[in-house]
Structures are given as structure tokens and as C-alpha cells.
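Structural overview
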Amino acid sequence: MCACRLLITSRSFAWFVVTLVACMTLFCAIVHPKWLIGPEVIRIANEESNFTVVRHPSVGIYNRCKRMGNTEYNCGNFDLNGLLTDSSVFPVPWKFTMFLMCVGTILLSLTLLSMLVICCRVHSFFGFSMHKFLCIFQAISAMLVLCGYLVYPLAWDAPRVKKLCGPDAEPYSPADCALGESIYIGAIGVLLTFCCTVLSLKAEAGYYSAKAQRRVIDGDALVCIV
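A few points on the structure. Note that the coordinates shown come from a computational prediction; the quantities given were computed from them, not determined experimentally. (Residues numbered from 1 in each chain as written. Predicted model: local features only at pLDDT ≥ 70, side-chain atom pairs only at ≥ 80, totals over all residues. Heavy atoms only, no water.)

1. Focus on the side chain of Thr-85
Our working definition: Put simply, DSSP marks the helices as runs of H or I at least four residues long and the strands as runs of E at least two long, and each gets a number from the N terminus on. In what follows, a contact means two residues having at least one pair of non-hydrogen atoms within 4.5 Å.
Mapped onto the elements of the fold, Thr-85 is located in the loop between strand S7 (72-77) and helix H2 (92-119). Residue contacts for Thr-85: discarding those within four places in its chain leaves Phe-78, Asp-79, Leu-80, Phe-90 and Lys-95.

Next up, the structure:
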């Protein structure tokens, strides 16, 4: 029944694409270990190809990259027991960041799947507009991830960060470290998530436009409105 009755507008398609990109950027930010980049330069010689690879130690929300021995550069997790990992190894603020970002990203992913239901002309949930319903959940998702970002720098005075960035590291001041690309990728994801809430209202206006509803009343199985 659903497969043969679809209503797709350019606004709803834009909403779907932006939400998809937001989910992907937030997921990349979570798993990437490049939140803080240390000042140390690690040069690893490749004997076979006769060239030198330059690396920098870094730390993410729950993983890190560092020199192992004299010739190896290893990236791996330090949250061996998840959120139950000792706080001296996995700082409490980063546990909150990990939790909030994961919950926010999962919630945003669920709204992405729910958009497919709207395309099947299911426009209300217990009498409440599906577009507004998803808009609320996307706003909650954006706020959760944003709160995770604000909590993350509170752990910059932890021993792990001081060892990487220098003894002067403190909350919101990373000393000799530079902000890595993961922070910027995640920030883009947060902005896109907030944009999704606006696009949801635009998509609702397109869904209930006279042109779209006229096609529905006419009994068209597939309605595509630009």
C-alpha cells in the first residue's frame, strides 16, 4: 500500500539529504581521533619505499593516536570498559560528551527513517503533524550534541591532555595543542542538524501546498512536486 502511494517534494528531499549529511558528519566526528592534535612531530621512515611519513599524536572522545616504540604509530580506543572505564583514563566530561553525542546522533538517525513514512502520505501521528513531531526531535538531537560539545573542553586539564598538550592545558585552553578536523566536522554536523529543524517546516509547507494536495485528491499514486 505504502509503496504505491508516495508524495515527494523538492523541500522534503532537501530535508532528507541535509539530515543524512548531518548524521554522517556527526558519526565521523564521534569515531575520528583528531579532536586535539599534539605539537609533537612523529617521523616514521618507510624502508621499502624510501620516504618518511609525518604524523602527530592526537586524542578524540574515546580514542587516541600516538607513537608506539620508535617506528610504530598506533590509533586505538582507551575506553576499554565503555562508560565504566576508570575516570583517570577516560575523563568524566568526555563520558558525558560520548553519551550525549551518541544519543543525539541515534535520535537524528531515527528521524531520518521516519521521513520515509511521511513520503508514504502518513502525515499525522495521533493527530499531531509528523513534520512538527520530527522537527521537535531534531531540535532535541541538536541540543544534545551541542551540550556534548560544550562539556568536552572541561576535561582539558586531565593528565591525558596535559601529557599531549603541555602542563598549561586547562578547560577551554588546550595550551600547545591545535583543534583537529573532527571538532570542525562535528560543528558542521550540529549546524546542519539545526538547519534540519527549519527545513522540516519548509517541507511541511510543500507537503500541504495546493499543487501537491490537488494531485493527491486526483488519486495520483506517485506525486513529485518541484
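Read on for the rest.
2. Looking at the state of the cysteines
Worth spelling out the cut-off: To count as a disulfide, a pair of cysteine sulfur atoms needs to be within 2.5 Å. Only protein chains enter the accessibility calculation, which uses a 1.4 Å probe. A residue is then buried if its area is under 20% of the maximum for its type, exposed if over 50%, and partly exposed in between.
On inspection of all chains with the given rule, the structure shows 2 disulfides. Note that Cys-65 is cross-linked by a disulfide to Cys-75, the S-S spacing being 1.9 Å. What sets the handedness of the Cys-65 and Cys-75 disulfide is the S-S torsion sign, and at about 115° it is right-handed. Taken as a pair, Cys-65 in strand S6 (residues 63-68) and Cys-75 in strand S7 lie far apart in primary sequence, 10 residues in all. Judged by relative accessible area, Cys-65 falls into the buried class, the value being 2%. When its relative accessible area of 42% is taken as the criterion, Cys-75 is described as partly exposed. Across the disulfide, Cys-165 is cross-linked to Cys-177 (sulfur-sulfur distance 1.9 Å).

3. So, the nonpolar core
To keep it simple, the criterion reads: As used in this record, nonpolar core signifies buried Ala, Val, Leu, Ile, Met, Phe, Trp, Tyr and Cys residues forming a set joined through side-chain atoms within 4.5 Å.
Core analysis: the largest hydrophobic core is formed by 28 residues, its most contacted members being Trp-35, Leu-36, Trp-94, Met-101, Tyr-149 and Tyr-152. Residue assignment for this core shows that the elements contributing at least two residues are helix H1 (10-31), H2, helix H3 (130-151), helix H4 (159-165) and helix H5 (181-207). When residues in this core are grouped by element, the largest group, 5 residues, is from H1. Each residue touching Met-101, except ones within four places of it in the same chain, is listed here: Leu-26, Ala-29, Ile-30, Trp-35, Ile-61, Val-145 and Tyr-149. Grouped together as the second largest cluster of nonpolar side chains are 7 residues, Val-18, Leu-112, Cys-196 and Ala-203 included.

4. With respect to H1
Since the α-helix packs 3.6 residues into each turn, any two residues three or four apart lie on the same face. Applicable threshold: Helix span is expected to be 1.5 Å times the residue number reduced by one.
Taking 1.5 Å of rise per residue, the 22 residues of H1 would be expected to cover 32 Å, and the 32 Å separating its terminal C-alpha atoms lies within 8% of that figure. Inspection of H1 places Ser-12, Trp-15, Val-18, Thr-19, Ala-22, Cys-23, Thr-25, Leu-26, Ala-29 and Ile-30 among the buried residues, and these make up the whole buried set.

5. A closer look at the sheet that holds S6
Within a beta sheet, neighbouring strands are joined by backbone hydrogen bonds and run either parallel or antiparallel to one another. Here is the rule we go by: Paired strands are those between which DSSP finds at least two bridges.
Spatially, 5 strands are ordered S7-S6-S5-S2-S10 in an open sheet, and the strand pairing comes out antiparallel. Of all the strands in the sheet, the pair left with one neighbour each is S7 and strand S10 (178-179). Both strand S2 (residues 36-37) and S10 contribute to a ladder of 2 bridges, which runs antiparallel. Counted as the bridge partner of Leu-36 is Leu-179 from S10.

6. A look at the pairing of S6
Put simply, side chains in a regular strand alternate between the two faces of the sheet. One ladder, built from 2 bridges, connects strand S5 (residues 58-59) with S6; its direction is antiparallel. Following the sheet pairing, Ser-58 is matched in S6 by Cys-65. With 6 bridges joining them, S6 and S7 adopt antiparallel strand pairing. Residue Arg-64 lies in a different strand from S7, and its bridge partner there is Gly-76.

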